[in-house]
Amino acid sequence: MTLAAGIDVGTGVVKAVIFRVEDGKENWLSKCSIRIRSRDPMVLAREAFDQALEDAGVKEEDIDYVATTGEGEAIPFHTGHFYSMTSHARGAQFLNPETGAILDSGALHGRAMIIDDKGKVTNYKMTSQCASGSGQFLENIARYLGIAQDEIGTLSVQGDDPEEVSSICAVLAETDVINMVSRGISAPNILKGIHLSMASRLARLLKSIGVKDDVIMMTGGMGLDEGLCEALRESLAKMKGMDGATVVNHPDSIYAGAIGAALWGAFRYDKLAASGQMLKAS
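Residues numbered from 1 in each chain as written. Predicted model: local features only at pLDDT ≥ 70, side-chain atom pairs only at ≥ 80, totals over all residues. Heavy atoms only, no water.

## Comments concerning the packing of helix H6 (residues 187–208) against helix H7 (residues 226–238)
Next, step 1: In contact at an axis separation of 8 Å, H6 and H7 are set at 55° when each is read in the N-to-C sense. Classified by the angle between their axes, H6 and H7 sit oblique to one another. As H6 runs across H7, the sense of the crossing is right-handed. Contacts from Lys192, His195, Leu196, Met198, Ala199, Ser200, Leu202, Ala203 and Leu206 of H6 reach H7 at Gly227, Leu228, Ala231, Leu232, Glu234, Ser235 and Leu236.
Next, step 2: For the contact of H6 with H7, a count of residues per class yields 10 nonpolar, 4 polar and 2 charged. (Axes fitted to C-alpha atoms, helices over the stretch in contact; angles between N-to-C directions. Helix = DSSP H or I, 4+ residues; strand = E, 2+ residues; numbered from the N terminus. Parallel < 35°, antiparallel > 145°, perpendicular 65-115°, else oblique. Left-handed = near helix turned anticlockwise from the far one by under 90°. Contact = heavy atoms within 4.5 Å. Nonpolar A, V, L, I, M, F, W, Y, C, P; charged D, E, K, R; others polar.)

Structure, rendered in structure tokens:
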């Protein structure tokens, strides 16, 4: 039996999970996520890890491997670090074994990946550095509109006459939104318009790496944004050669990176143990 922890330090949220792997069976024991805001991510990583340990009913010394991903390589108590794409690929496959492509959309960027049946990334591409396709941009807009972040998706799908944001520049896009408000456009239609604009860029990103009729798993902080998921479905349905693609998410989409890190960590530990090289988290 191997106990492995996965800690994913993102731009906006720190996630930690604990897994038990035994005889090829992967059992998810616990999870914890903490928003970073203006706090030290390394301190939050410790807090999230401790909470995950408590929820799993295990002690730190029981953990065989602490795997980090994202910006977590500086965590002092980690055993090993895994590249973010590798972790998200494995985590997405755990959440949905039919996953053939991944759209990891977080606070600052979007990233499209194609994976094989073993969870290996075979092609990928990221959005540009402009923040208008990011969760942070959408959060800023929601704050301006006086809407809670968890209301964004619900309101967006209610939009019946959306007006898409014309610019890919975050600053100019926010100006567009201000103009929309002054013209009396409702919050649902503003949010749906923003989602459609974001989805159009993300759909082109997916097409550029060869996604066709794959199951596309949404991961990252925006994985549960139903407004974005629905807008992406609409965008793909209109795009030649992409109408066979299926967009899915999971209640635990935000944990995909941490899950993948933990599972890769358990795999690495077992391989090292089999070769006589016993590792233990320090």
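Here the narrative resumes.
## Some remarks on the sheet that holds strand E1 (residues 2–9)
Hydrogen bonds between backbone groups are what pair the strands of a sheet, and the pairing can be parallel or antiparallel.
Next, step 1: The 5 strands are arranged E3-E2-E1-E4-E5 in an open sheet whose pairing can be described as mixed. At either margin of the open sheet sits one strand with a lone partner, and together these are strand E3 (25–35) and strand E5 (80–81).
Next, step 2: The sheet contact formed by strand E2 (residues 13–22) and E3 spans 10 bridges and is antiparallel. When the bridges of E3 are listed, arginine 20 appears paired with asparagine 27. (Pairing = 2+ DSSP bridges.)

## Here we look at the environment of isoleucine 178
Next, step 1: Here isoleucine 178 lies in helix H5 (residues 170–182).
Next, step 2: Counting along the chain gives 98 residues from isoleucine 178 to glycine 80, while the straight-line C-alpha distance between them is 46 Å.

## Thoughts on the packing of aromatic side chains
Next, step 1: Under the definition given, this model contains 7 aromatic pairs.
Next, step 2: Look at phenylalanine 19 and tryptophan 28: their rings are 5.6 Å apart centre to centre, the planes differ by 10°, and that puts the pair in the stacked class.
Next, step 3: According to the relative accessible area criterion, phenylalanine 19 is buried, its value standing at 0%.
Next, step 4: Note on phenylalanine 19 and phenylalanine 94: the rings are 5.2 Å apart at their centroids and 85° apart in plane angle, and the pair reads as edge-to-face. Pair noted here: phenylalanine 19 is in strand E2 and phenylalanine 94 is in helix H2 (residues 84–95), with a separation of 75 residues, a long-range link.
Next, step 5: The structure contains a cluster of three or more aromatic residues connected by ring pairs, namely Phe19, Trp28, Phe94 and Tyr255.
Next, step 6: The ring of tryptophan 28 carries lysine 31 above its face, with NZ or CZ at 5.5 Å from the centroid.
Next, step 7: A cation over a ring is seen here: arginine 46 above phenylalanine 77, with NZ or CZ 4.4 Å from the ring centre. (Phe/Tyr/Trp six-rings, centres within 6.5 Å; stacked < 30°, edge-to-face > 60°. Buried < 20%, exposed > 50% of the residue type's maximum accessible area, 1.4 Å probe, protein only. Lys NZ or Arg CZ within 6 Å of the ring centre and 35° of its normal.)

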